[in-house]
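Observations on the model geometry
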Amino acid sequence: MPELPEVETVRRGLEKKLNNFIIKKVEVCRDSTVAFPTNKEEFIKGLRNSLIYKWDRRGKYLIAELKEGQNENTQFPLENSKNKGFLVVHLRMTGYFKFMDNSTPPCKHTRIRFFDENNNELRYIDVRSFGQMWWIKQGLSPNKIIKGLGSLGPEPFSKDFDTKYLKKVISKRTKSIKAILLDQTIVAGIGNIYADESLYNAGILPFREAQTIRMNEIVKLRESIVTVLEKSIGSGGTTFSDFRDLEGDNGNFGLHTNVYRRTGKECHKCGNLIERQKITGRSTHWCPKCQK
Ligand SMILES: [Zn+2]
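Reference entry: report on the structure contained in this document. Keep in mind the model is a prediction, meaning the values are calculated, not measured. (Residues numbered from 1 in each chain as written. Predicted model: local features only at pLDDT ≥ 70, side-chain atom pairs only at ≥ 80, totals over all residues.)

**Points about the environment of A195**
Convention followed: Think of it this way: any DSSP run of H or I at least four residues long counts as a helix, any run of E at least two long counts as a strand, and we number them from the N terminus. Counting other C-beta atoms within 10 Å of a residue's C-beta gives its exposure: the residue is buried at 20 or more, exposed at 12 or fewer, and partly exposed in between, where C-beta atoms are placed from the backbone.
Relative to the assigned elements, A195 resides in helix α7 (residues 192–202). Overall, the presence of 26 C-beta atoms within 10 Å leaves A195 in the buried class. In this structure, the C-alpha to C-alpha distance between A195 and V228, residues 33 residues apart in sequence, is 9.5 Å.

Right, dumping it as structure tokens:
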């Protein structure tokens, strides 16, 4: 599942590739991918003639800011032209975008296709089909319509995510620290890979009850989360096999991880074997010697 670094990599790719992309045609190949509005015709009509002005990311959500597509009345600079709401995307398990400047027939996992006037295509492909898209028209609030977006905790890189905050949200919690890190309302964007890697980096056992984590460990954990995520964004965030970048490449799959998917292999620090067990339904990897 794409986590913050992968989604950020996709965001950067979209921003680079889709320079002044004006949506002229939308083709919905699978209705259930459109989460909002419930009427897919409204989605198609609403997006038509929208300029994708800017791509943002919040947690694992991609948010495209839309402007009125250019015509003879377009005002420059573009930031002054009329807002047309937002296109919000969540890739979930296996969603990815592909940009193509030639007309290649869609594969059977193609869910939504966006075309500009030159027939360049931004294609959304999703094998397992859990991914979703929302068109939020101007005047409506994405945070209100998309519950998961509205309830997100702070971004790990924001100044709101400091040790004071982390201390506050984990004290008195009896859940495991792993479960806390996976909770998107506590901190946005961390999934299974980066929770395991951050806890290894901080030397904390994933099973520990959150309230038993001491202040010096909280400091270490916050630093570890930021470092691990930053490092992963720097390398394209492609630490797992399902990930595809905009060109459809699997990128740097096989990129160095310390514990994730390294069950039975030697710990890079101490040589002990990495263990694996499920915590709240998620495979959890750790070193029994380096993590306390
Ligand atoms: Zn170790």
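**Regarding the pairing of strand β6 (residues 83–90)**
As a reminder of what qualifies: Pairs of strands are assigned from DSSP output, requiring at least two bridges between the strands.
The element β6 is largely enclosed, with a buried count of seven among its eight residues. Bridge count for strand β5 (residues 61–68) against β6 is six bridges, and the pairing is antiparallel. Along β6, the bridge assignment pairs A64 with L87.

**Observations regarding the pairing of β5**
Pairing between strand β4 (residues 50–58) and β5: eight bridges, direction antiparallel. Within the sheet, the bridge partner assigned to R57 lies in β5 and is L62. Taking the residues between adjacent antiparallel strands as the criterion, β4 and β5 are bridged by two residues, where G59 takes a positive phi near 55 degrees.

**Some thoughts on the sheet that holds β5**
The strand order across the open sheet formed by six strands is β1-β4-β5-β6-β10-β3, and the pairing between neighbours is mixed. The open sheet has two free edges, formed respectively by β1 (22–23) and β3 (34–36), since each of these has just one partner strand. Direction of pairing for β1 relative to β4: antiparallel, over a ladder of two bridges. Bridging from a neighbouring strand, I22 pairs with L51 of β4.

**Focus: helix α8 (residues 215–234)**
Short version of the rule: Expected span, for any helix, means 1.5 Å times one less than how many residues it has. It is the directions from the helix axis to the C-beta atoms whose arc is reported.
The end-to-end C-alpha distance of α8, which contains 20 residues, comes to 29 Å, matching closely the 28 Å that a straight helix rising 1.5 Å per residue would cover. Every buried residue of α8 is listed here: I218, L221, R222, S224, I225, V228, L229 and S232. Each buried residue of α8 lies within a common arc of 160 degrees when the element is viewed along its axis, so the set occupies one face. Counted as exposed and oriented over 90 degrees from the buried face of α8: M215, N216, E230 and G234.

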